[in-house]
Amino acid sequence: MDTEVKNLIVEKVKTSRISQVDFDHLPFGAYFTDHMFVCDYKNGAWETPKIIPYQPLQMEPSSRVFHYGQAVFEGMKAYRDDQGGVWLFRPEENFKRINKSSVRLAMPEFPEEYFFEGLKKLLQLDEKWIKPGLGNSLYIRPFVIATQAGIIASPSEEFKFIIICSPAQSYYGGEVRVKIAEKFSRAADGGFGFTKAAGNYAGQFYPTNLAKEEGFQQVVWTDANTHEYIEEAGTMNIFIRLDNKLITCPTGDRILDGITRKSIIELAKDLGIEVEIRPIKVSELVEGIKNKTLKEMFGSGTAAVINPILGFGYKGDRFELPKVEKSYATILKQHLLDIQYNKAEDKFGWRYRVQ
Ligand SMILES: *Cc1c(COP(=O)(O)O)cnc(C)c1O
């Protein structure tokens, strides 16, 4: 990871756009930093990576990505601590996962040294965009797209690997009540639900819009075969708390292996919370409301860290979760944030120093 990429080309902006951005009122993902990282894949190899001013792409309308959705992405964050240091959280996990996603979509893997050197250099160039203060961060979006021209339905042989960065404030998902999916699915056995493929998101928009019309903010996805087991909360992994036990479903073909999810599992165990990883039945949730054992439900992901779920709808009925003191959601989120912002000891070795 420490090898210098000798031929990383850097073209800096003449004037920064940072003064045009109101950092106190940042809509999520709307503003981008001055620079972007770009690397093209042609003739079976990744070419020299570049950092250039953030700018539009010029692409053929027949580029495969527009027609066949050959595209994957990642989501990660850079955090600034109170001493001015800049940190990433378990970035090697994002690196491994984007390649895992790429392989499933018949796209080439990206070299590790390009990823880390490019990312570090990009963050150093745009470091003024990483503001101190709990909740402030720089959201980092690496992605790969199929750029080859021609609408033949076969995998592209040309790609672009790009990283763009967007300053973010504390992301509060708002009050979340979820609809438990009875008909729609996001993933199937043998499919690509475990990847961060762009198409996984496209397929979720319509069912989520229908749920919104019914007054829910998100859909909790269930298994495609029986719709009896919960799998993910929108684009987040899902946890439930039954009495004092924290439960989450196992990852696999259909469930994305979230970095926040696995960090929460380790943190919770370390805090002495009993954690169980097993399939979760929808009927357990309904039962848990009735016998008052269901204390919490929450989603986990990089953007919001932990997003509590206040209630859910299922087969025409609506259920509200109780208000709990010292919720696991609050405790775990605080511990995770303290590690991410270098405010607490990092006994798991999750932090990665950028500068
Ligand atoms: C990105 C994502 C998550 C969360 O993953 P993190 O690594 O925790 O950010 C969960 N589910 C889906 C479907 C995702 O795309």
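Quick caveat: nothing in here was measured; it's all calculated off a predicted structure.

1. Describing the site of the ligand
Right, on to step 1. Residues in close proximity to the ligand total 15 residues, the closest being Lys-196, Tyr-201, Glu-232, Thr-260 and Thr-302.
Right, on to step 2. In the model, a nitrogen atom of the ligand is placed 2.5 Å from a nitrogen or oxygen of the Glu-232 side chain.
Right, on to step 3. One of the backbone N or O atoms of Ile-259 is found 2.8 Å from an oxygen atom in the ligand.
Right, on to step 4. Within the complex, the protein chains bury 97% of what would otherwise be the 380 Å² of accessible surface of the ligand.
Right, on to step 5. When contributions to the shell around the ligand are tallied by element, the ones reaching two or more residues are strand 13 (236-242), helix 5 (259-270) and strand 17 (294-301).
Right, on to step 6. Partitioning the shell around the ligand into residue classes produces four nonpolar, seven polar and four charged.

2. Comments concerning the side chain of Thr-147
Right, on to step 1. Its location among the elements puts Thr-147 in the loop between strand 8 (137-146) and strand 9 (159-168).
Right, on to step 2. For Thr-147, a relative accessible area of 15% corresponds to the buried category.
Right, on to step 3. Separated by 3.3 Å, the side chain of Thr-147 and the backbone nitrogen of Phe-159 make a polar contact.
Right, on to step 4. Contacts of Thr-147, omitting those with residues within four sequence positions, involve Met-59, Ser-63, Ser-156, Glu-158, Phe-159 and Lys-160.

3. A closer look at the packing of helix 2 (residues 91-104) against helix 3 (residues 112-125)
Right, on to step 1. Closest axis-to-axis distance for the helix 2/helix 3 pair is 11 Å, and the angle between their directions is 130 degrees. Viewed along their axes, helix 2 and helix 3 adopt a mutual orientation that is oblique. Where helix 2 crosses over helix 3, the handedness of that crossing is right-handed. Here helix 2 contributes Pro-91, Glu-92 and Phe-95 to the contact with helix 3, which in turn contributes Glu-112, Phe-115 and Phe-116.

4. A short note on the pattern of salt bridges
Right, on to step 1. One pass over the full model with this rule turns up 21 salt bridges.
Right, on to step 2. For the salt bridge of Lys-160 with Asp-40, the shortest nitrogen-to-oxygen distance reads 2.8 Å. One end of the pair, Lys-160, is in strand 9; the other, Asp-40, is in strand 2 (residues 35-42), and 120 residues separate them in sequence. The exposure classification of Lys-160 matches that of Asp-40, with both residues buried.
Right, on to step 3. Residues joined in a network through salt bridges with shared partners are Glu-93, Lys-96, Asp-257 and Lys-262.

5. Here we look at the nonpolar core
Right, on to step 1. If you look at the biggest cluster of nonpolar residues, it comprises 50 residues, and the most contacted ones within it are Phe-37, Trp-46, Leu-123, Ile-140 and Phe-161.
Right, on to step 2. Grouped together as the second largest cluster of nonpolar side chains are 24 residues, Val-178, Ile-255, Val-282 and Met-297 included.

6. Digging into the domain arrangement of the chain
Right, on to step 1. Looking at the assigned domains, one finds that the chain contains domain 1 (9-168) and domain 2 (176-340).
Right, on to step 2. On a C-alpha basis, the centroid separation for the pair domain 1 and domain 2 is 28 Å.
Right, on to step 3. Taken together, the contacts link 21 residues of domain 1 with 22 residues of domain 2.
Right, on to step 4. The contact between domain 1 and domain 2 buries some 1900 Å² in all, and 62% of this surface belongs to carbon and sulfur atoms.
Right, on to step 5. When the buried surface of domain 1 facing domain 2 is broken down by residue, Phe-73, Phe-89 and Arg-97 rank first, second and third, together holding 31% of it.
Right, on to step 6. Inspection of the domain 1/domain 2 interface yields two salt bridges.
Right, on to step 7. Residue Lys-262 pairs with Glu-93 through a salt bridge whose shortest N-O separation is 3.0 Å.
Right, on to step 8. The tally of links from domain 1 across to domain 2 stands at 11 residue pairs in polar contact (both at pLDDT 80 or more).
Right, on to step 9. Taken together, the elements giving at least two residues each to the side of domain 1 that touches domain 2 come down to strand 5 (71-73), strand 6 (76-80), strand 7 (86-89) and helix 2.
Right, on to step 10. At six residues, helix 2 tops the list of elements feeding residues into the side of domain 1 that touches domain 2.
Right, on to step 11. Considering only residue class, the side of domain 1 that touches domain 2 consists of 11 nonpolar, three polar and seven charged.

7. Quick notes on unusual backbone geometry
Right, on to step 1. Backbone geometry places Ala-106, a non-glycine residue, at a positive phi of 60 degrees.
Right, on to step 2. Secondary-structure assignment places Ala-106 in the loop between helix 2 and helix 3.
Right, on to step 3. For Ala-106, a relative accessible area of 43% gives the class partly exposed.
Right, on to step 4. A positive phi angle is found at Asp-243, which is not glycine, with a value near 50 degrees.
Right, on to step 5. Within the fold, Asp-243 resides in the loop between strand 13 and strand 14 (245-248).
Right, on to step 6. Looking at Asp-243, the relative accessible area reads 42%, which means it is partly exposed.

8. Considering helix 7 (residues 328-340)
Right, on to step 1. When the terminal C-alpha atoms of helix 7 are compared, their 18 Å separation across 13 residues agrees well with the 18 Å that a helix rising 1.5 Å per residue should span.
Right, on to step 2. Count one or two residues on from helix 7 and you reach Asn-342, which has phi positive near 60 degrees.

9. A closer look at the packing of aromatic side chains
Each aromatic ring pair is characterised by the separation of its centres together with the angle its planes make.
Right, on to step 1. Here the structure, examined in full by the defined rule, presents 23 aromatic pairs.
Right, on to step 2. Ring geometry for Phe-32 versus Tyr-54: centroids 5.2 Å apart, planes at 0 degrees, classification stacked. Taken together, the positions of Phe-32 in the loop between strand 1 (9-10) and strand 2 and Tyr-54 in the loop between strand 4 (50-53) and helix 1 (64-68) put the pair 22 residues apart, joining distant regions of the chain.
Right, on to step 3. On the basis of relative accessible area, Tyr-54 is assigned to the partly exposed category, the value being 31%.
Right, on to step 4. Centre to centre, the rings of Phe-115 and Phe-116 are 5.1 Å apart; their planes meet at 80 degrees, and the pair counts as edge-to-face.

What counts and how
Residues numbered from 1 in each chain as written. Predicted model: local features only at pLDDT ≥ 70, side-chain atom pairs only at ≥ 80, totals over all residues. Heavy atoms only, no water. Near = heavy atom within 4 Å. Polar contact = N/O pair within 3.5 Å; in protein donor to acceptor, adjacent residues only side chain to side chain. Areas by Shrake-Rupley, 256 points an atom, 1.4 Å probe, with all protein chains shown as cover. Helix = DSSP H or I, 4+ residues; strand = E, 2+ residues; numbered from the N terminus. Nonpolar A, V, L, I, M, F, W, Y, C, P; charged D, E, K, R; others polar. Buried < 20%, exposed > 50% of the residue type's maximum accessible area, 1.4 Å probe, protein only. Contact = heavy atoms within 4.5 Å. Axes fitted to C-alpha atoms, helices over the stretch in contact; angles between N-to-C directions. Parallel < 35°, antiparallel > 145°, perpendicular 65-115°, else oblique. Left-handed = near helix turned anticlockwise from the far one by under 90°. Salt bridge = Lys/Arg side-chain N within 4 Å of Asp/Glu carboxyl O. Core = buried A, V, L, I, M, F, W, Y, C linked by side-chain atoms within 4.5 Å. Domains from an automatic or database assignment. Buried area = accessible area lost by both parts, 1.4 Å probe. Expected span 1.5 Å × (residues − 1). Phe/Tyr/Trp six-rings, centres within 6.5 Å; stacked < 30°, edge-to-face > 60°.

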